Amino acid sequence: MFALRPSNRQRNVWAVSLLDVQPTDRVLEIGFGPGLAIAEFAGRATRGHVFGLDHSRAMVRHATRRNADAVRAGRVYLTHASVERSPSFGDPLDAILAVNSVGFWPDPVERLRELRRLLRPAGRIALVSQPRCPGATRDTTIRAAQELQDLLTHAGFTHFRVETLDLDPPVACVLATNPIDTADGR
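Residues numbered from 1 in each chain as written. Predicted model: local features only at pLDDT ≥ 70, side-chain atom pairs only at ≥ 80, totals over all residues. Heavy atoms only, no water.

> How do you make sense of the sheet that holds strand 7 (residues 171-177) when you look at a structure like this?
One key point about sheets: their strands pair by backbone hydrogen bonds, in either a parallel or an antiparallel sense. An order of 3-2-1-4-5-7-6 is seen for the 7 strands of this open sheet, with the pairing classed as mixed. Only two strands of the sheet have a single neighbouring strand rather than two, namely strand 3 (76-80) and strand 6 (158-165). On average, adjacent strands in this sheet sit at an angle of 15° to one another, irrespective of strand direction. Both strand 5 (residues 119-129) and strand 7 contribute to a ladder of 6 bridges, which runs antiparallel. Along strand 7, the bridge assignment pairs Ile-125 with Ala-176. This element, helix 2 (residues 36-44), spans strand 1 (26-30), strand 2 (49-54), strand 3 and strand 4 (93-99) of the sheet and lies at about 170° to strand 2. (Pairing = 2+ DSSP bridges. Helix = DSSP H or I, 4+ residues; strand = E, 2+ residues; numbered from the N terminus. Axes fitted to C-alpha atoms, helices over the stretch in contact; angles between N-to-C directions. Contact = heavy atoms within 4.5 Å.)

> When you look at the packing of aromatic side chains in this model, what are you seeing that I'm missing?
Aromatic ring pairs are defined here through the distance separating the ring centres and the angle between the ring planes. Taken as a whole and judged by the stated rule, the model has 2 aromatic pairs. By the ring-pair criterion, three or more aromatic residues cluster together here, those being Phe-51, Tyr-77 and Phe-89. (Phe/Tyr/Trp six-rings, centres within 6.5 Å; stacked < 30°, edge-to-face > 60°.)

> Explanation requested: the side chain of Thr-177 in the structure shown.
Position of Thr-177 among the secondary structure elements: in strand 7. Note on Thr-177: relative accessible area 19%, which makes it buried. Residues within four places of Thr-177 in sequence aside, it is in contact with Ala-122, Gly-123, Phe-157, Thr-158 and His-159. (Buried < 20%, exposed > 50% of the residue type's maximum accessible area, 1.4 Å probe, protein only.)

> Would you explain the pattern of salt bridges in this entry?
Working definition: two side chains of opposite charge can pair if their charged atoms are close together. In this structure the tally under the stated criterion is 10 salt bridges. Close ionic contact of Glu-40 with Arg-44 constitutes a salt bridge, the shortest N to O distance being 3.9 Å. With Glu-40 and Arg-44 both in helix 2 and 4 residues apart, this pair spans about one turn of that helix. Glu-40 sits in the partly exposed class, given a relative accessible area of 26%. Through salt bridges that share partners, Glu-110, Arg-113 and Arg-117 make up one connected network. (Salt bridge = Lys/Arg side-chain N within 4 Å of Asp/Glu carboxyl O.)

> Before we go on, may I ask you to explain unusual backbone geometry in this structure?
Most peptide bonds take the trans configuration, and most residues that are not glycine carry a negative phi. At the junction of Asp-168 and Pro-169, the peptide bond is cis and its omega measures out at -5° in the coordinates. Counting through the fold element by element, Pro-169 comes out in the loop between strand 6 and strand 7. Unlike most non-glycine residues, Asp-107 shows phi in positive territory, near 45°. Checked against the element boundaries, Asp-107 lands in the loop between strand 4 and helix 5 (108-118). Here His-159, not a glycine, exhibits a phi torsion of approximately 50°, which is positive. Its location among the elements puts His-159 in strand 6.

> Explanation requested: the layout of surface pockets in the structure shown.
Space inside the largest pocket adds up to approximately 1,000 Å³. Lining the largest pocket we find 42 residues, and of these Gly-31, Val-99, Asn-100, Ser-101 and Phe-104 sit closest to its centre. Mapped by element, the contributors of at least two residues to the lining of the largest pocket are helix 1 (6-18), strand 1, strand 2, strand 4, strand 5 and helix 6 (138-154). Examining the composition of the lining of the largest pocket, we find that 6 residues originate from one element, helix 6, more than from any other. For the lining of the largest pocket, the residue count by class is 21 nonpolar, 13 polar and 8 charged. (1 Å grid on protein atoms, 1.4 Å probe; cavity = no way out; pocket = protein on both sides within 12 Å on 5 of 7 lines; lining within 4 Å. Points joined across faces, edges and corners; volume = space filled by probe spheres on them. Nonpolar A, V, L, I, M, F, W, Y, C, P; charged D, E, K, R; others polar.)

> Whenever I open this one, the packing of helix 1 against helix 2 confuses me. Can you help?
Helix-helix packing is characterised by the crossing angle of the two axes and by the distance between the axes. Relative to each other, helix 1 and helix 2 sit at 40°, their axes nearing to 9 Å. With respect to their mutual orientation, helix 1 and helix 2 come out oblique. As for the relative orientation of helix 1 and helix 2, their crossing is right-handed in sense. Residues Asn-8, Arg-9, Asn-12, Val-13, Val-16 and Ser-17 of helix 1 form the contact with helix 2, whose own contacting residues are Leu-36, Ala-37, Glu-40, Phe-41 and Arg-44. Looking at side-chain class alone, the contact of helix 1 with helix 2 contains 5 nonpolar, 3 polar and 3 charged residues. (Parallel < 35°, antiparallel > 145°, perpendicular 65-115°, else oblique. Left-handed = near helix turned anticlockwise from the far one by under 90°.)

Set out below in structure tokens:
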């Protein structure tokens, strides 16, 4: 169902485009669902690696089928895991995406701090929210974006940018950067 809804496809393609993924990038999506954004990442990070975590075994199966060629080629790695029990990804990541999932994370600020440690200095993160509560409006989306930015601020991210996709209700994407720590050269 999620993969068939045109707004979900549009939202995921848009979110991936905002991260400016390069061919050699190493990217992670948390809560990848049916794997729409994973497929977009795989099409952009053609010489890199795409990792995904999802707490649903059914979504891991769906996304694995959708991305079968890239999985077989060893460019896409999909894992059944929750954000608080994420595996090691080896080298630092260049970009991280989470669409409509942060609200389900236990202690989201701590999770974001952990994700920040996985990113290279100046690595990018995008948190996307399309409020689905009854009566959601543009104002609901604006409040959701501010909440995401506040979480990212508390987790130590910097250089914020908020983009909006005009769907019903609107979608907000809060982008931030892992700062370069001048004290240790990161």
